[in-house]
Amino acid sequence: MKIIFLGAPGAGKGTQAEIVAQKAGIPTISTGVILREAIKNKTPLGVSAQSYIEKGQLVPDELVIDILTERLSQSDCDNGYILDGFPRTIAQAEALDKMNVNIDKVVNIYVPDEKIVERLAGRRSCSGCGATYHVAYNPSKDGVHCNNCGKELTQRSDDKPETILNRLAVYHEQTAPLEEFYRNRGILCDVVGQEEVADTTSLTLKALGLK
Ligand code: ADP
Ligand code: ZN
């Protein structure tokens with residue numbers, strides 16, 4: 001099973017991807033997580049990606065396509081995977097085609113722009129494992145530490161208000177065209193993002209035929 005999660009930043013792709021991946025026993029590949037890890041470790045990739053991410057721009061296609069190609073070659077991807085945050089441009093989707101990756105389903109999570117701003121501003125992520133939370137919608141047990149690994153929760157530097165608006169504009173301009181791209185292939189399913197994580201999960205599992 002190869003699944004793509006599409007949707008604006010903060011629509012809940014990462015959260016839903018994690019839940020479905022656990023249920024299906026396949027890994028989630030998140031380019032955002034890989035890039036943030038690279039920035040933290042100051043690798044050459046991280047150094048090149050950092051300025052784009054902080055401005056709310058996309059990292060150049062060549063760079064993310066290389067990362068993804070490398071990641072998909074690892075053996076835990078043999079039985080399928082969920083892509084979270086890739087593809088984000090038509091060129092990236094075409095790169096998947098060139099790699100002969102056959103996507104089964106694309107879950108398109110829709111959340112209106114007004115909600116997105118509120119969600120991103122309240123988003124917190126774990127400094128250890130990268131798990132994401134929301135101060136109101138999906139808080140960790142004690143509100144300050146990660147449920148999985150106990151490390152402290154932090155706010156992402158690209159979740160600042162100025163950057164959020166940039167990321168939304170970039171999404172509408174460069175990523176939203178992928179909806180038509182995959183709808184035309186008959187594999188896109190629309191899920192309306194709900195207030196409660198569990199409610200979005202129910203709709204997602206139904207759309208994927210997993211429930
Ligand atoms: P979100 O979906 O909340 O924006 P991500 O973690 O998916 O969060 O992405 C964070 C940032 O990382 C993006 O704003 C972008 O700069 C960069 N990025 C992640 N994935 C890609 C990609 N496939 N192509 C280009 N840039 C990417
Ligand atoms: Zn953690």
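Structure: see above.
What counts, and where the lines are drawn
- Residues numbered from 1 in each chain as written.
- Chains lettered and ligands numbered in written order.
- Predicted model: local features only at pLDDT ≥ 70, side-chain atom pairs only at ≥ 80, totals over all residues.
- Heavy atoms only, no water.
- Buried < 20%, exposed > 50% of the residue type's maximum accessible area, 1.4 Å probe, protein only.
- Helix = DSSP H or I, 4+ residues; strand = E, 2+ residues; numbered from the N terminus.
- Pairing = 2+ DSSP bridges.
- Axes fitted to C-alpha atoms, helices over the stretch in contact; angles between N-to-C directions.
- Contact = heavy atoms within 4.5 Å.
- Near = heavy atom within 4 Å.
- Polar contact = N/O pair within 3.5 Å; in protein donor to acceptor, adjacent residues only side chain to side chain.
- Areas by Shrake-Rupley, 256 points an atom, 1.4 Å probe, with all protein chains shown as cover.
- Nonpolar A, V, L, I, M, F, W, Y, C, P; charged D, E, K, R; others polar.

Caption draft 1: Quick peek at the pairing of strand β3 (residues 81-84). A two-sided burial pattern is seen for β3, the buried positions comprising Tyr81 and Leu83 on one face and Ile82 and Asp84 on the other. Alignment of strand β1 (residues 2-7) against β3, held across four bridges, turns out to be parallel. Note on β3: the bridge partner recorded for Ile3 is Ile82. Where strand β2 (residues 28-30) and β3 come together, three bridges link them in parallel fashion. Bridging across to β3, Ser30 finds its partner in Asp84.

Caption draft 2: Representation of the sheet that holds β1 in the model. With parallel pairing, the five strands of this open sheet are ordered in space as β2-β3-β1-β4-β8. Of all the strands in the sheet, the pair left with one neighbour each is β2 and β8 (188-192). On average, each strand axis in the sheet is tilted by 25° relative to the strand beside it, whichever way the strands run. Packing of helix α1 (residues 13-24) onto the sheet brings it into contact with β1, β2, β3 and β4 (105-110), and relative to β1 it is tilted by some 160°. Contacting β1, β4 and β8, helix α9 (residues 197-207) crosses the sheet at an angle of about 160° to β8.

Caption draft 3: Region of interest: the environment of Asn148. Secondary-structure assignment places Asn148 in the loop between β6 (132-134) and β7 (153-154). The spacing of Asn148 and Asp159 is 11 residues in sequence and 22 Å in space, taken between C-alpha atoms. With near-sequence residues (within four places) excluded, Asn148 lies in contact with Cys129, Ala131 and Tyr133.

Caption draft 4: Seen up close, the site of ligand 1. For ligand 1, the set of nearby residues contains 20 residues, the closest of which are Thr31, Arg36, Gln57, Gly85 and Gln92. Between Val59 and ligand 1, the recorded distance is 3.0 Å, taken from a backbone N or O atom to a nitrogen atom. For ligand 1, whose unbound accessible area comes to 540 Å², protein coverage reaches 97%. Partitioning the shell around ligand 1 into residue classes produces seven nonpolar, six polar and seven charged.

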